[in-house]
Amino acid sequence: MYGGMSCESNNYGGGKISLTITEPKFKTLGQKTKILTGNHAAAHAIRQAKVGVISAYPITPQSPVVEKIAEFISKGKLDAKFVKVESEHSALAVCCAASVTGSRVATATSAHGLELMYEMLPWAAGNRLPIVINLATRSLGAPWSVWTDHSDFITIRDVGWIQFMCESNQEIYDTNIQAFKIAEDPQVFLPSVVAYDGYILSHTMMPVTLEDQQDIDAFLPPLKHHINLSDISQIKGVDPVTTPHIRNRGEEGTAPGYYEYRYALQKALENSIDIIQQVHDEFAQKFGRSYGNGLFKTEQVEDANVIIIAMGSVASQSKIVVKKLRREGLKVGLVSLKLFRPYPAKYLKELLKEKETIVVFDRDIGYGYEGVLCYELKSALYGLKKSPFIKGFIVGLGGRDVTNEHIIDGVNRALNQAKTGEISQTTEFLGLKLDQLSDYDESTFFEEVKK
Amino acid sequence: MNASDNNDETISLIILGRGGQGAVTACEILAEAAYLSGNFKDVHAYPSFGAERRGAPVQAYAKLSRAEKIWDRAQIEHPDILIVFDETVLDYEVVSSLKTKGTFIINSDKEPEFFVNQFNFSKDVKIIVANISNLALEKNLTIDGNPVINTPILGLLSRALPDLTLENLKEVVFNKMGEKVGKLNFELIEQGYNLAKIL
């Protein structure tokens, strides 16, 4: 039986809501700080997690992750099998196959690499394989762009993976170490994605503390997989065709139908929120670094009546804006979403239930509707007695610089719309430079641009 | 407004070089040295985002913060310090983006006054010049016959940022390059430091 089926005995849904964010109080263990890119921070975490199998295909801006891992293996710093493949689809197929042998498995990708993996993503989730993907986020073509936005990250939100977004290279390292432990928890057994903005973090060097191997080993013991095909006597097979109904298997008892398996997947994701917080807190105690409550990070939310919500690079930039606007007397706060799936809806609802205005900045868009963070937040806050005014903006697609001015402009526009009650229903993009196009004419632009 | 307005203690820096000259490595070394000095709480070093071609003009960037963690993720609009590997990569748009009290560092055989006239710098801009190419050629520190600029020019930076000391640079250079090559590079850093013409 897959690990996930045991979830039914758990007390899901009734978990305590803890919004207290504690400052690390514990002295850090033996530290070694290096100046590393985000990609190399990820590679070091994968090395220290003692991953057994890596399979990957190069893609900008992720490639340095797997190049560094290949270097670790060639220099004997990581005892792992690197399986070279001809595509990302094969990379994740190899990862799935390796994972069912009981091995700890990782890969990394970006943009269309993730989209090419897409077909395998639900298999990994359904089989409850604790694979960790590092995603250096990158926009989706066309037109061709290698620069960051979160379009790739949001496309996989409905397939059953845990999804983290990071804001610094240290957070990439720390989240990777935690991601393995979370993914491999017997109550979870789910694959996870650790994402970070391409170039902005992937290629920027920052101080990163790499913990001592013995401390990482103590925190992250070897994987005890729920499935281990290396012992063929124990397992009869993986992924037989699973019927819509419960099957009676005689002496072996009953087998779940597809519906029961998928129910278990959903429950495992819901339950994982508690584990994610536990692992985060344990990490914070041991290593002295914490990231909000493990689900989201907050800045000056308590007394704020205006809240900015963003993810990754946009949230980082917003920290500066919060300081600036506070100096001007505006009671503004920030929520930086760290956990995107499972979506921490009830925690956000509790945190934001009395706020007046919420401004959401999406470095992504659900084409044909609006920014994904925005409409998910609206959904999460549904049913509040007094609903806040929620306004979303699109920023920074395809690597367009996101500046303080853009964020301040968004806050001001939202406050203005809240005050006048004139809510714009169109999706507003901040930082567009249509006026700099030499012969921009709105009446013809949309005809011409598609050619 | 610019990136470093976000925090008065953050110093932003742009290097102008050519692909293959090691502008990114220079940023990496200076960021490491700054961090090592203990005078900076946080440092960032990064390349131009996207593809770089050997021989084409490139930029590399660094942000150094004395007091706080750096959360600014925007590009540098107005650098505090501009380091130019040679006159052929001078980009008027970037030079004119230098802060009014910024520092302009260039590898050149010309006098600092030449650049004041060329760019109409205000009196508040500090100009630091040394003929790094010549020093490198004299010491035979070359790659494919071209003088190595990226490490030696950091000696001039130390004149602009006294809390980024020669000792800090020495440690990083030796760590990165090993004793033999590190020593050669560091001698040039010291020479540049001593020979710098400052206005």
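Residue positions are given per chain, counting from 1 as you read along its sequence in written order. Written order determines the labels here, with chains lettered from A and ligands numbered from 1. Confidence filtering applies because this is a predicted model: local features only for residues at pLDDT of at least 70, side-chain atom pairs given and counted only at 80 or more, and all residues used for totals across whole chains, interfaces and linings. Based on all heavy atoms of the structure, the side-chain values leave hydrogens and waters out of the count.

Undergrad: With reference to specific residues and values, describe the sheet that holds strand β2 (residues 53–56) of chain A.
TA: All names here are of chain A. For two strands to be treated as a pair, DSSP must find at least two bridges joining them. We count a stretch as a helix when DSSP gives it H or I for four or more residues in a row; a strand needs E for two or more, and each element gets its number in order from the N terminus. In space, the 7 strands of this open sheet follow the order β3-β2-β4-β5-β7-β6-β14, with mixed pairing throughout. Two strands bound the open sheet, and with one partner strand each, they are β3 (81–84) and β14 (339–341). The mean inter-strand angle of the sheet, taken between neighbouring strand axes irrespective of direction, is 20°. Note that β2 and strand β4 (residues 105–109) share 2 bridges and pair parallel. Residue Ile-54 lies in a different strand from β4, and its bridge partner there is Ala-106. Sheet strands touched by helix α9 (residues 258–287): β6 (162–165) and β14. Its angle to β6, the strand with the most contacts, is close to 45°. Axes, fitted as lines to C-alpha atoms, cover a helix only where it is in contact. Angles between the N-to-C directions of the axes lie from 0 to 180 degrees. Should any heavy atoms of two residues lie within 4.5 Å, those residues are counted as being in contact.

Undergrad: Please provide a residue-by-residue account of the interface of chain B and chain A, values included.
TA: One widely used convention gives an interface's size as the accessible area the parts lose upon coming together. Taken residue by residue, the interface counts 22 residues in chain B and 26 residues in chain A. Once two parts are joined, some of their accessible surface, as seen by a 1.4 Å probe, is lost; buried area is that loss totalled over both. For the pairing of chain B and chain A, the buried interface totals around 2200 Å² over both sides, and the portion due to carbon and sulfur atoms is 61%. Here a salt bridge means any side-chain nitrogen of Lys or Arg lying within 4 Å of a carboxyl oxygen belonging to Asp or Glu. Summed over the shared surface of chain B and chain A, the number is 1 salt bridge. With a closest N to O distance of 2.3 Å, A:Lys323 and B:Glu68 form a salt bridge.

Undergrad: Which residues make up helix α3 (residues 88–99) of chain A, and what are the values?
TA: All names here are of chain A. Its 12 residues place the ends of α3 16 Å apart at the C-alpha level, agreeing with the 16 Å of an ideal helix rising 1.5 Å per residue. Those residues of α3 lying buried are Glu-88, Ser-90, Ala-91, Leu-92, Cys-95, Cys-96, Ala-98 and Ser-99. Against β2, β4, α4 (111–117), α5 (121–126) and β5 (132–137) lie the buried residues of α3. N-cap assignment for α3: the residue whose side-chain oxygen lies 3.3 Å from the backbone N of His-89 is Ser-87. Each residue after the first adds 1.5 Å to the expected span of a helix. Each residue is assigned to one of three classes by its accessible area relative to the maximum for its type, calculated with a 1.4 Å probe on protein chains only: buried under 20%, partly exposed between the two thresholds, exposed over 50%. We call two N or O atoms a polar contact when they sit within 3.5 Å, provided that within protein one can donate a hydrogen and the other can accept it, with sequence-adjacent residues counted only if both atoms are side-chain atoms.

Undergrad: Give a detailed account of the pairing of strand β7 (residues 192–197) of chain A, specifying residues and quantitative values.
TA: Where a strand is regular, its side chains alternate between the two sheet faces. All names here are of chain A. Of all 6 residues making up β7, 6 are buried, and the element is well covered by its neighbours. In β7, alternate side chains face the same way, and those of Ser-192, Val-194 and Tyr-196 on one face and Val-193, Ala-195 and Asp-197 on the other are all buried. Note that β5 and β7 share 6 bridges and pair parallel. Paired with Ile-133 across the bridge in β7 is Val-193. Pairing geometry for β6 and β7, over 4 bridges, is parallel. Bridging from a neighbouring strand, Gln-163 pairs with Val-193 of β7. With respect to chirality, the unit in which β6 leads through helix α7 (residues 169–183) into the neighbouring parallel β7 is right-handed. A crossover counts as right-handed when, viewed with the strands pointing away from the observer, the path leading from the first strand over the helix to the second turns clockwise.

Undergrad: So what's going on with the nonpolar core? Residues and values would help.
TA: The nonpolar core is taken to be a set of buried Ala, Val, Leu, Ile, Met, Phe, Trp, Tyr and Cys residues, with the residues joined through side-chain atoms within 4.5 Å. Judged by nonpolar contacts, the single largest core of 103 residues is most densely connected at A:Leu92, A:Trp161, A:Leu352 and A:Leu377. All domain edges in this entry derive from an automatic or database-based domain assignment. For this core, the two domains that each supply at least three residues are domain 1 (1–7 + 21–294) and domain 2 (296–437) of chain A. Ignoring any residue separated from it by four or fewer positions in sequence, one finds A:Trp161 in contact with A:Leu92, A:Leu121, A:Ala124, A:Ala125, A:Ile131, A:Ile133, A:Pro191, A:Ser192, A:Val193, A:Leu269 and A:Arg341. The next biggest cluster of nonpolar side chains, apart from the first, holds 47 residues, and it includes B:Cys27, B:Ile132, B:Val148 and B:Leu169.

Undergrad: Describe the packing of aromatic side chains, listing the residues and the values that go with them.
TA: Aromatic rings in a pair are described by how distant their centres are and how their planes are angled relative to each other. Here the aromatic set is Phe, Tyr and Trp, taking the six-membered ring for Trp, and pairing holds for ring centres within 6.5 Å; pairs whose planes are under 30 degrees apart are stacked, those over 60 apart are edge-to-face, and all others are tilted. Counted by the stated rule, this structure contains 15 aromatic pairs over all chains. Each ring, one from A:Phe219 and one from A:Phe283, has its centre 5.4 Å from the other, and the planes form 80°; the classification is edge-to-face. With a gap of 64 residues between them, A:Phe219 in helix α8 (residues 213–219) and A:Phe283 in helix α9 connect regions that are remote in the sequence. A relative accessible area of 0% means that A:Phe219 is categorised as buried. Pairing B:Tyr92 with B:Phe119 gives two aromatic rings, centres 5.1 Å apart and planes at 55°, and the pair type is tilted. Note that B:Tyr92 is positioned in helix α2 (residues 92–96) and B:Phe119 in helix α3 (residues 112–119), a separation of 27 residues in sequence. Counting every residue linked through ring pairs, the aromatic cluster contains B:Tyr92, B:Phe104, B:Phe114, B:Phe115, B:Phe119 and B:Phe121. Lysine and arginine charges are scored as sitting over a ring when NZ or CZ, respectively, is within 6 Å of the ring centre and within 35 degrees of the ring normal. Above the face of the A:Phe219 ring, A:Lys181 is positioned so that its terminal group lies 4.7 Å from the ring centre. Across the ring face of A:Phe340, the terminal group of A:Arg341 is positioned such that the distance to the ring centre comes to 4.9 Å.

Limitation: the analysis is restricted to geometry and does not speak to function.
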